[in-house]
Amino acid sequence: MLGAYAVRVARHGRPAMPRLGASPGSALLPRPVVEAFYWSFHAPARALVRLGVSPDALTYLSLGLSLACAPLLAAGRFRSGAALLIAGAVLDALDGMVAREGGRASRAGAVLDSCLDRLSDAAPLIGLAVFYREHPAALAIPLVAMVASSLVSYARAKADAYRISLPDGLMRRHERLAYLVAALVFGPAVPAMRLTGALPFPITLGCLALVAVVGLAAGLRLVQRTRAALAAADAAALPGPRTTARSGGEHPRLLRSGKATSAPL
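Residues numbered from 1 in each chain as written. Predicted model: local features only at pLDDT ≥ 70, side-chain atom pairs only at ≥ 80, totals over all residues. Heavy atoms only, no water.

Visitor: Help me out: how do you make sense of the packing of helix α4 (residues 55-74) against helix α6 (residues 107-131) in this one?
Guide: Angle between the axes and distance between the axes are the two parameters that describe a pair of packed helices. Taken N-terminus to C-terminus, the directions of α4 and α6 make an angle of 10°; their axes are 7 Å apart at the nearest point. In this view, α4 runs roughly parallel relative to α6, as classed from their interaxial angle. Residue-level contacts link Asp56, Thr59, Tyr60, Ser62, Leu63, Ser66, Leu67, Cys69, Ala70, Leu73 and Ala74 of α4 to Gly109, Leu112, Asp113, Leu116, Leu119, Ser120, Ala123, Pro124, Gly127, Leu128, Val130 and Phe131 of α6. Looking at the contact of α4 with α6 residue by residue, the classes come out as 15 nonpolar, 6 polar and 2 charged. (Axes fitted to C-alpha atoms, helices over the stretch in contact; angles between N-to-C directions. Helix = DSSP H or I, 4+ residues; strand = E, 2+ residues; numbered from the N terminus. Parallel < 35°, antiparallel > 145°, perpendicular 65-115°, else oblique. Contact = heavy atoms within 4.5 Å. Nonpolar A, V, L, I, M, F, W, Y, C, P; charged D, E, K, R; others polar.)

Below you can see the structure in the form of structure tokens.
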């Protein structure tokens, strides 16, 4: 996939991908990787449009696959769960493309997709929490990762609602999925380590800890940026300091400070 995208860029330049924004990558997930995956989905999306597949059907099927991975992860079948998670993520990427390619994009569909995405995000982390239920410290990691994931998504949704443009930043949904899938695929290669004792699959847990810590920091940073932008907008909307003449009985120091006093009725 990366090779095919590299050839395409070398021959025809980078394709326009406005849905990804100006800088879709991050410090941990390079832009070419994100663009290559997104570019590769266009052909199957056009095929699904020709077949008359409904975007909502893809959204619901994506959710079903994501939910189905939870019991597999709870039972320790990480790679099987990762396969379902990948399939669900692909369908989730395709539903929006199919809607746009087929002229069926709507706000109603966007709301459905956004709400079901939160369930899809939580399902694998709940399964991992159940798997690590006998290790309290380890159990906390997937739970914190779930909170961090929701915080990042919710902060961006609130910023969009107020029409605030935020930088791409870390731990957007596609990036979290990439790390989670990598943790589930490669983590079972090291079932235990002497340093972590009886804790199973420590590499998987380490990747989850990365998602939890970086995601929580990224979410709080987005909240801070959103609040700063709203505070600046509110300050700009306020009227300027009143310039009532001194004969009106107002103290000049109050006028200079921007504070106004009300005359008695």
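Visitor: Whenever I open this one, unusual backbone geometry confuses me. Can you help?
Guide: Outside of glycine, negative phi angles account for most residues, and trans bonds account for most peptide bonds. Backbone geometry places arginine 163, a non-glycine residue, at a positive phi of 60°. Mapped onto the fold, arginine 163 is located in the loop between α7 (136-161) and α8 (173-186). Judged by its relative accessible area of 82%, arginine 163 falls in the exposed class. A positive phi angle, close to 50°, is found at phenylalanine 201, a residue other than glycine. Secondary-structure assignment places phenylalanine 201 in the loop between α8 and α9 (202-237). (Buried < 20%, exposed > 50% of the residue type's maximum accessible area, 1.4 Å probe, protein only.)

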